[in-house]
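Fold and contact review
Here are the chains, one letter per residue:
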Amino acid sequence: METTSRVGADAPAAEGGQPAPSAPRTIDGYLRAPFPWYGLDEAFTGPRWLMQVGTAADGGVEHGSIGHGDEPSVRNEHMAAATDEPREKFAVVVTVAANPSRRSADGTGLLEATSVSSAAWLAGVGLLSFTWPGQMDHTLRDDWLDQQTETAWALADDLGGPEWSGLSLPVDGVPVPFYYRESEFGWVLAGTTGSGVHVGAYGRGMSAYGLGFAIVKDVAAYA
């Protein structure tokens, strides 16, 4: 699969085990992006908030996430259920620049291409970053997350496989086909827009079936 380096919402390691470059949680990275950002369309009237952008080796912004609803926290679902704590309801939209394989700005190497699989992988890892299974000790979470991250990578590399189904959702008012899958932790989807970007999304507590996506007119309003 041709894709970006593996950069998630919390900047896990890139391919080869090296830390992937990532901008801090600030509006600056979003404003530097040479592509449009996507979020839920105006039918969603709840809170919206910026998360983090991911950068290439040359420092260019390649992707980022915008959250909607409750800001999710890392939680053990078993513990939350035991305390009758309500599950958070959120949807996060990941925008990934649609780039071919290309030379880095300094001319020293090649930057990987991006594809809809890139958006699917980033969305899958994003969902994992906020959850771990019931009755698992916190000290085991890193091992579990590493294993599940590899699984998310394999799933994103096989969008035509049985784990995925088709779902049509509006993007800028036009129906667009998405790849969609559910798990016990939430849902993940990914598709391609007509605006030079791929869109991924993940969420929990909010149904994906009623969502729509649109270009963010003023990303600074979310800061």
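Anyway, here's the lowdown on the structure attached to this text. Worth saying up front: this structure is predicted, and the values here are computed from it rather than measured.

Here the focus is the overall build of the chain. Within the chain, the secondary structure is distributed over 4 helices and 13 strands. The proportion of buried residues among the 223 residues of the chain is 52%. Put simply, 62% of the contacts in the chain that link residues at least 6 apart link residues at least 24 apart. Accessible area for the chain stands at about 10,400 Å²; split by element, carbon and sulfur atoms hold 52% of it.

Notably, D172 is not glycine yet its phi reads approximately 55 degrees, a positive angle. By secondary structure assignment, the location of D172 is in the loop between β9 (165-171) and β10 (174-183).

To continue, consider the pairing of β9. Inspection of the sheet shows β9 paired to β10 by 7 bridges, in the antiparallel sense. Among the inter-strand pairings, V171 is bridged to a residue of β10, identified as V174. Here β9 hands over to β10 after 2 residues, with D172 in that stretch at a positive phi of 55 degrees.

Most of strand β2 (residues 48-55) sits out of view: 6 of its 8 residues are buried. Relative to strand β3 (residues 61-69), β2 runs antiparallel, the two sharing 6 bridges. Residue pairing in the sheet places V53 in a bridge with G64 of β3. Remark: 5 residues form the turn of the hairpin made by β2 and β3, two consecutive strands paired antiparallel; G59 in that turn has positive phi of roughly 90 degrees.

Cut-offs and rules
Residues numbered from 1 in each chain as written. Predicted model: local features only at pLDDT ≥ 70, side-chain atom pairs only at ≥ 80, totals over all residues. Heavy atoms only, no water. Helix = DSSP H or I, 4+ residues; strand = E, 2+ residues; numbered from the N terminus. Buried < 20%, exposed > 50% of the residue type's maximum accessible area, 1.4 Å probe, protein only. Contact = heavy atoms within 4.5 Å. Areas by Shrake-Rupley, 256 points an atom, 1.4 Å probe, with all protein chains shown as cover. Pairing = 2+ DSSP bridges.

So far we have only geometry, and geometry alone does not tell us how the molecule works.
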